[in-house]
Amino acid sequence: DAKTTQPPSMDCAEGRAANLPCNHSTISGNEYVYWYRQIHSQGPQYIIHGLKNNETNEMASLIITEDRKSSTLILPHATLRDTAVYYCIVRVAYNDYKLSFGAGTTVTVRA
Amino acid sequence: GAGVSQSPSNKVTEKGKDVELRCDPISGHTALYWYRQSLGQGLEFLIYFQGNSAPDKSGLPSDRFSAERTGGSVSTLTIQRTQQEDSAVYLCASSPFSGEGETQYFGPGTRLLVL
């Protein structure tokens, strides 16, 4: 009953932008798109979230298509420390507090 | 500022023993969550505290599991009579409020191994 679809893995060259796609074709109007990542043996780390507008913070940019059926997380200058599993989830922020991650995308940044 | 902290970072115990896991949320965060993550598995929700409201304990897998949150800050997850299937990473998260746009921030986790 996955609400999002992500590629299982991708490689990225250090210093280059990493573009991580996520499909969420059944997203409803009050659901946000959230991105987390989990570096090996660490707790999940919040990256960014958005509703319909593109968002940018110090870690990444989030581009959401106009129909909201897909989004792309952009790591502008990937470093080796960005190697992690990246999770895209959709959730109604209020009263939807039980986070659940799918398989995510395993991103390997190579020197 | 300081993030969510958890202690101990690792815990090895014998089957049948009780364990206590501690979580210090981000200062000022009113909501606190416990999850566990077994090897290669996804997140499993355990319990949720929000302010002075009754906690949502719906995710606790058995009555051997309990949690408290004292003074609206620090939380302790207790597992009594531990079993080998309790081995997992126990994650704590906190958020500033449970409302539109709230974001959960996770601690590093406690790795529990029951022998």
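In what follows, the accompanying structure is described. (Residues numbered from 1 in each chain as written. Chains lettered and ligands numbered in written order. Predicted model: local features only at pLDDT ≥ 70, side-chain atom pairs only at ≥ 80, totals over all residues. Heavy atoms only, no water.)

Comments concerning the interface of chain A and chain B
Here is step 1: Taken together, the contact pairs 17 residues of chain A with 21 residues of chain B.
Here is step 2: Interface of chain A and chain B: buried area, both sides summed, is about 1600 Å²; carbon and sulfur atoms make up 52% of it.
Here is step 3: Counting across the interface, chain A meets chain B through one salt bridge.
Here is step 4: Where lysine 98 of chain A meets aspartate 56 of chain B, a salt bridge forms, and the shortest distance between an N and an O atom there is 3.8 Å.
Here is step 5: Our count for the contact surface shared by chain A and chain B stands at eight residue pairs in polar contact (both at pLDDT 80 or more).
Here is step 6: Looking at the side of chain A that touches chain B, the elements that each hand over two or more residues are strand S3 (32-38) and strand S4 (45-50) of chain A. (Contact = heavy atoms within 4.5 Å. Buried area = accessible area lost by both parts, 1.4 Å probe. Salt bridge = Lys/Arg side-chain N within 4 Å of Asp/Glu carboxyl O. Polar contact = N/O pair within 3.5 Å; in protein donor to acceptor, adjacent residues only side chain to side chain. Helix = DSSP H or I, 4+ residues; strand = E, 2+ residues; numbered from the N terminus.)

A look at the state of the cysteines
Here is step 1: Applying the stated criterion across every chain yields a total of two disulfides over all chains.
Here is step 2: A sulfur-sulfur separation of 2.1 Å characterises the disulfide bridge that pairs cysteine 22 of chain A with cysteine 88 of chain A. Judged by the sign of its S-S torsion, about -80°, the cystine formed by cysteine 22 of chain A and cysteine 88 of chain A is left-handed. Remark: cysteine 88 of chain A occurs in strand S8 (residues 84-91) and cysteine 22 of chain A occurs in strand S2 (residues 18-23); sequence separation between them is 66 residues. Considered together, cysteine 22 of chain A and cysteine 88 of chain A belong to a single accessibility category, that of buried residues.
Here is step 3: A sulfur-sulfur distance of 1.8 Å marks the disulfide that ties cysteine 23 of chain B to cysteine 92 of chain B. Disulfide cysteine 23 of chain B-cysteine 92 of chain B: the torsion about the S-S bond is -65°, which places it as left-handed. (Disulfide = S-S within 2.5 Å. Buried < 20%, exposed > 50% of the residue type's maximum accessible area, 1.4 Å probe, protein only.)

Some remarks on the environment of valine 74 of chain B
All names here are of chain B.
Here is step 1: Of note, valine 74 is situated in the loop between strand S6 (65-69) and strand S7 (75-79).
Here is step 2: Relative accessible area serves as the criterion here: at 15%, valine 74 is assigned to the buried category.
Here is step 3: Sequence-distant contacts of valine 74, that is, excluding residues within four places in its chain, are made with Arg22, Cys23, Asp24, Pro25, Glu68 and Arg69.

Focus: the sheet that holds strand S3 (residues 19-24) of chain B
Two strands in a sheet stick together by hydrogen bonds in their backbones, pointing the same way (parallel) or opposite ways (antiparallel).
Residues and elements named next belong to chain B.
Here is step 1: The antiparallel open sheet is built from four strands, whose spatial order is S1-S3-S7-S6. Both edges of this open sheet fall to strand S1 (5-7) and S6, since each of them pairs with a single strand only. In this sheet, neighbouring strand axes are inclined to one another by 15° on average, regardless of whether the strands run parallel or antiparallel.
Here is step 2: Bridge count between S3 and S7: five bridges; the pairing is antiparallel. Within the sheet, the bridge partner assigned to cysteine 23 lies in S7 and is serine 75. (Pairing = 2+ DSSP bridges. Axes fitted to C-alpha atoms, helices over the stretch in contact; angles between N-to-C directions.)

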